[in-house]
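Listed below, chain by chain, are the residues.
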Amino acid sequence: MINIAIDCMGGDNAPLAVLDGCVQAFSLLPDDVHLLLFGDAWQIARYFREKPELSERFSLFPTTEEISCKESPTLAIRRKKDSSLVRALGAVAAGEAEGLLSAGSTGAVLTGATLIVKRLAGVQRPALAPLLPTVNGGHVMLIDCGANTDSKPTFLQQFALMGDAFFKGVMEVEEPRIALLNNGAEEEKGNELTKAAYQLLKQTKGINFIGNIEPRDVLFDEADVIVCDGFEGNMLLKTAEGTAEAIFALLKEGLSSSLLAKTGAALVMPALRALKSRLDWKEVGGAPMLGVNGIVVKAHGSSDARAICRAILQTESLIRGGVVARIAENISALTLE
């Protein structure tokens, strides 16, 4: 039996979108997956009152507090012991659940995972590692995308080992291509951090380090895992999201500018919808927080039911892929070198 803890009160559209996402996931998950729902008992019980056939697929854990994005993450985690997020994290820490999904405050999820679930032995810093869609229909991992905004070279070395473990366990890629985000492909390019990290990655045993990668090549299937500092990764992620939104906004404006354009739009609309679906973050799920002693997945704060569903399926795949054990093994091998 696999138990996944769900923070039902986290996110802009909670709890309805979270609960709808759980229902969608039930039809796609194997029967051995059980969801532990943490949140307002009245709202959750009322929601499932007309769905008695699902009663065996989940367990309800009533909570009385919520953590908002406006609160100090550390203070909220320490003070709101009966919040849905803290209780769900506690279930993972106690071994009652193998993984957790939350669309709540990113800072609170990161802080709570570090303080409650705790880091794996030898891990210096956990990292957020979202998957981005590539132009060929595949995915590339960006690690770190915001958990650490002032990294050391050894952090980036460990991020590479975490990404390697993910791709081997979940994506079933035998030799994931590991690249370092930089402002040039040459070895001598970059700042002090990337230059030092390059040398460490080049010497790290057990990974397929292919060198530097420039931001313009990130989505062109040049690598499987792209390692970077959290500040740079977050900037790249938000730039990519904003660029995609701007392009579709301009296309919409152009295709509705005249009768002729509207006629042409009818012809290209199926292709545009397919393209938008391929680039839609809702199809990927959430961003795994790698490096802690359990599976923790952070979904986008504005996730709808479809995004929550995909994130739950992603959490299950991380558990079945043995990612935590693989990361622990990689880090252990590194410290023994």
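Everything below is about the structure printed above this text.
Let me sum up the structure you'll find in this document. (Residues numbered from 1 in each chain as written. Predicted model: local features only at pLDDT ≥ 70, side-chain atom pairs only at ≥ 80, totals over all residues. Heavy atoms only, no water.)

**As for the overall build of the protein**
Here is step 1 of the chain: The number of helices and strands found in the protein is eleven helices and twelve strands.
Here is step 2 of the chain: Its C-alpha atoms give the protein a radius of gyration of 21 Å, within 12% of the compact-globule value 20 Å for 337 residues.
Here is step 3 of the chain: In terms of its C-alpha atoms, the protein occupies a principal-axis envelope of roughly 65 × 60 × 35 Å.
Here is step 4 of the chain: The buried share of the protein, reckoned over its 337 residues, is 47%.
Here is step 5 of the chain: Put simply, 71% of the contacts in the protein that link residues at least 6 apart link residues at least 24 apart.
Here is step 6 of the chain: Treating the 33 positive side-chain charges of the protein as one cloud and the 41 negative ones as another, the clouds have centres 4 Å apart. (Helix = DSSP H or I, 4+ residues; strand = E, 2+ residues; numbered from the N terminus. Rg over C-alpha atoms; globule rule 2.2 N^0.38 Å. Buried < 20%, exposed > 50% of the residue type's maximum accessible area, 1.4 Å probe, protein only. Contact = heavy atoms within 4.5 Å. Lys, Arg positive; Asp, Glu negative; His and termini not counted. Charge placed at Lys NZ, Arg CZ, Asp CG, Glu CD.)

**What about the pattern of salt bridges?**
Here is step 1 of the chain: Under the definition given, this model contains nine salt bridges.
Here is step 2 of the chain: One salt bridge in this structure joins Lys 168 and Asp 164, with 3.1 Å as the shortest N-O distance. Residue Lys 168 and its partner Asp 164 are both found in helix H6 (residues 153–169); the two are separated by four residues, about one turn of the helix.
Here is step 3 of the chain: When its relative accessible area of 27% is taken as the criterion, Lys 168 is described as partly exposed.
Here is step 4 of the chain: Take Asp 164: its relative accessible area is 2%, and that puts it in the buried class.
Here is step 5 of the chain: The partner of Glu 187 in a salt bridge is Lys 202, and the shortest N-O contact between them spans 2.8 Å. Note that Glu 187 is positioned in the loop between strand S8 (177–181) and helix H7 (192–203) and Lys 202 in helix H7, a separation of 15 residues in sequence.
Here is step 6 of the chain: Glu 187 sits in the partly exposed class, given a relative accessible area of 32%.
Here is step 7 of the chain: Through salt bridges with shared partners, one network takes in Asp 32, Glu 316 and Arg 320. (Salt bridge = Lys/Arg side-chain N within 4 Å of Asp/Glu carboxyl O.)

**A look at the pairing of strand S9 (residues 208–213)**
Here is step 1 of the chain: When S8 meets S9, the two strands line up parallel, connected through five bridges. In the strand pairing of S9, Ile 178 is matched with Phe 209.
Here is step 2 of the chain: Taking the sense of rotation as the criterion, the β-α-β connection linking S8, H7 and S9 turns out right-handed. (Pairing = 2+ DSSP bridges. Right-handed = clockwise from strand over helix to strand, strands pointing away.)

**Some words on helix H2 (residues 41–48)**
Here is step 1 of the chain: Among all positions in H2, only Ile 44, Tyr 47 and Phe 48 are buried. Taken down its axis, H2 places every buried residue within 90° of arc, on the same side. Residues of H2 that are exposed and angled more than 90 degrees away from the buried face: Trp 42 and Arg 46.
Here is step 2 of the chain: Measuring from the backbone nitrogen of Trp 42 back to the side-chain oxygen at the start of H2 gives 3.1 Å, which picks out Asp 40 as the cap. (Arc of directions from axis to C-beta. Polar contact = N/O pair within 3.5 Å; in protein donor to acceptor, adjacent residues only side chain to side chain.)

**Re the nonpolar core**
Here is step 1 of the chain: Counting 62 residues, the largest nonpolar core has Ile 6, Leu 35, Leu 37, Ile 143 and Ile 312 as its most contacted members.
Here is step 2 of the chain: Per-element tally for this core: the top contributor is H6, with nine residues. (Core = buried A, V, L, I, M, F, W, Y, C linked by side-chain atoms within 4.5 Å.)

**Re the environment of Ile 2**
Here is step 1 of the chain: With respect to the secondary-structure elements, Ile 2 resides in strand S1 (residues 2–7).
Here is step 2 of the chain: Put simply, Ile 2 and Gly 242 are 240 residues apart on the chain and 37 Å apart in space, counted from C-alpha to C-alpha.
Here is step 3 of the chain: Once you skip the residues sitting within four places of it in the chain, Ile 2 turns out to touch Asp 32, Val 33, His 34, Glu 98, Ile 319 and Arg 320.

**Points about the sheet that holds strand S5 (residues 127–128)**
Here is step 1 of the chain: The seven strands lie next to each other as S3-S2-S1-S4-S12-S11-S5, forming an open sheet whose pairing is mixed. Looking at which strands have only one partner, the edges of the open sheet turn out to be strand S3 (58–62) and S5.
Here is step 2 of the chain: Pairing between strand S2 (residues 33–39) and S3: five bridges, direction parallel. Within S3, the position partnered with Leu 35 by the bridge is Phe 58.

**Things to note about the sheet that holds strand S7 (residues 139–143)**
Here is step 1 of the chain: Judged by pairing direction, the sheet is mixed, and its five strands sit side by side in the order S6-S7-S10-S8-S9 without closing on themselves. Sheet topology places strand S6 (131–133) and S9 at the edges, where each strand pairs with a single neighbour. The mean inter-strand angle of the sheet, taken between neighbouring strand axes irrespective of direction, is 30°.
Here is step 2 of the chain: By the bridge criterion, three bridges tie S7 to strand S10 (residues 225–227) in an arrangement that is parallel. In the strand pairing of S10, Leu 142 is matched with Ile 226.
Here is step 3 of the chain: Those strands touched by H6 are S6, S7, S8 and S10, and its axis lies near 150° from that of S7. (Axes fitted to C-alpha atoms, helices over the stretch in contact; angles between N-to-C directions.)

**Section: the packing of aromatic side chains**
Here is step 1 of the chain: Enumeration over the complete set of coordinates arrives at five aromatic pairs.
Here is step 2 of the chain: Arranged with centres 5.8 Å apart and planes meeting at 65°, the rings of Phe 166 and Phe 167 form a pair that is edge-to-face. There is no split in this pair, since Phe 166 and Phe 167 are both buried.
Here is step 3 of the chain: Ring pairs connect the aromatic residues Tyr 47, Phe 48 and Phe 58, which therefore count as one cluster.
Here is step 4 of the chain: A cation over an aromatic ring shows up here: Lys 51 above the ring of Tyr 47, its NZ or CZ 4.3 Å from the ring centre. (Phe/Tyr/Trp six-rings, centres within 6.5 Å; stacked < 30°, edge-to-face > 60°. Lys NZ or Arg CZ within 6 Å of the ring centre and 35° of its normal.)

**Observations concerning the pairing of strand S11 (residues 287–290)**
Here is step 1 of the chain: Side-chain alternation along S11 places Ala 287 and Met 289 on one buried face and Pro 288 and Leu 290 on a second face that is also buried.
Here is step 2 of the chain: What sits between S11 and strand S12 (residues 295–298) in their antiparallel hairpin is a turn of four residues, with Gly 291 showing a positive phi close to 110°.

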